[in-house]
Amino acid sequence: CHTKLKKNAYSMMRQLIVLLAIISMAFCVSAQETATVKNTSHKRGYKFNAELGLGIKEQMYFSTSHGYNFGNGLFVGGGASFMAEWGENYFEGDPNMITPVYGEIKYTPFNTLVSPYIDFRTGAAIDITNKKVRMMIAPSIGIDLACVSLGIGYTWHTINLPWNGLNISASINF
């Protein structure tokens, strides 16, 4: 029973991320300001994003980052996440949860509707379940599609939980 619920939850999260990306791309392409700024990563000023992600080890997360875009594809800022495990422990009432707080640097080299990016986050991971604070490092690469980012990354925490591993994400960049 738990295995079926786990598979359904994972399938639902994948579908949600794909739907979010499709809707966001349609919104972003229609909302472009000028022909000179095609990618929101090349618009100077304050920027924030909302991101949804899935880890391959049965966890999902929501994060938001806020910071400054320098207008050349470089973003520097910080943010916070909420990560929860949906595996067997979750359905038995004992989920693992952590809240990372991090600094972030992201670089998108091309001012085009489609551009690769590289991203690096590091900070503290607050382990809510075990009441500990540990270090977190999370590099990722991906593609910016106008104001939507799709990525794959590796998250590493010094917490002895199943959080370390590959993850996929979709975010909307404002």
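Predicted model only: the values in this text are computed from it and were never measured.

(A) Quick look at the pairing of strand S5 (residues 114-127). Where strand S4 (residues 97-107) lies against S5, ten bridges are found, and the strand directions are antiparallel. Each bridged residue has a counterpart across the sheet, and for Pro100 the counterpart in S5 is Ala125. From the end of S4 to the start of S5, which pair antiparallel, there are six residues. In the sheet, S5 pairs with strand S6 (residues 132-145) via 14 bridges, with the strands oriented antiparallel. Bridge pairing in S6 links Gly123 to Met136. In this structure, the hairpin formed by S5 and S6 is closed by a connection of four residues, where Lys131 is found at a positive phi of approximately 55°.

(B) How the structure looks around the pattern of salt bridges. The final tally for this structure, using the stated rule, is four salt bridges. Two residues, Lys106 and Asp144, come together in a salt bridge whose shortest N-O distance is 3.1 Å. Within this pair, whereas Lys106 is found in strand S4, its partner Asp144 is found in strand S6, the two being separated by 38 residues in sequence. In terms of burial, Lys106 and Asp144 fall into one category: buried.

(C) Just the nonpolar core, in detail. Counting residues in hydrophobic clusters, the biggest one holds seven residues: Tyr61, Met83, Ile98, Tyr102, Ala125, Met136 and Ala138. Going through the elements one at a time, S4 and S6 are the ones with two or more residues in this core. Each residue touching Ala138, except ones within four places of it in the same chain, is listed here: Asp119, Phe120, Arg121, Tyr154 and Thr155.

(D) Representation of a nonpolar patch on the surface within the structure. A cluster of nonpolar side chains, namely Ile56, Tyr107, Ile118, Met135, Ile141, Ile152, Tyr154, Trp156, Leu166 and Ile168, defines an oily patch on the protein surface of about 910 Å² accessible area. Every element with two or more residues in the nonpolar patch is listed here: S6, strand S7 (148-157) and strand S8 (165-173). When residues in the nonpolar patch are grouped by element, the largest group, three residues, is from S7. Structurally, Tyr154 is set in strand S7. Tyr154 gets classed as partly exposed once you look at its relative accessible area, which sits at 38%.

Rules used throughout
- Residues numbered from 1 in each chain as written.
- Predicted model: local features only at pLDDT ≥ 70, side-chain atom pairs only at ≥ 80, totals over all residues.
- Heavy atoms only, no water.
- Pairing = 2+ DSSP bridges.
- Helix = DSSP H or I, 4+ residues; strand = E, 2+ residues; numbered from the N terminus.
- Salt bridge = Lys/Arg side-chain N within 4 Å of Asp/Glu carboxyl O.
- Buried < 20%, exposed > 50% of the residue type's maximum accessible area, 1.4 Å probe, protein only.
- Core = buried A, V, L, I, M, F, W, Y, C linked by side-chain atoms within 4.5 Å.
- Contact = heavy atoms within 4.5 Å.
- Patch = residues over 30% accessible without salt bridge, like charges linked within 9 Å, V, L, I, M, F, W, Y side chains within 5 Å.
- Areas by Shrake-Rupley, 256 points an atom, 1.4 Å probe, with all protein chains shown as cover.

By themselves, these observations are geometric and do not establish any function.
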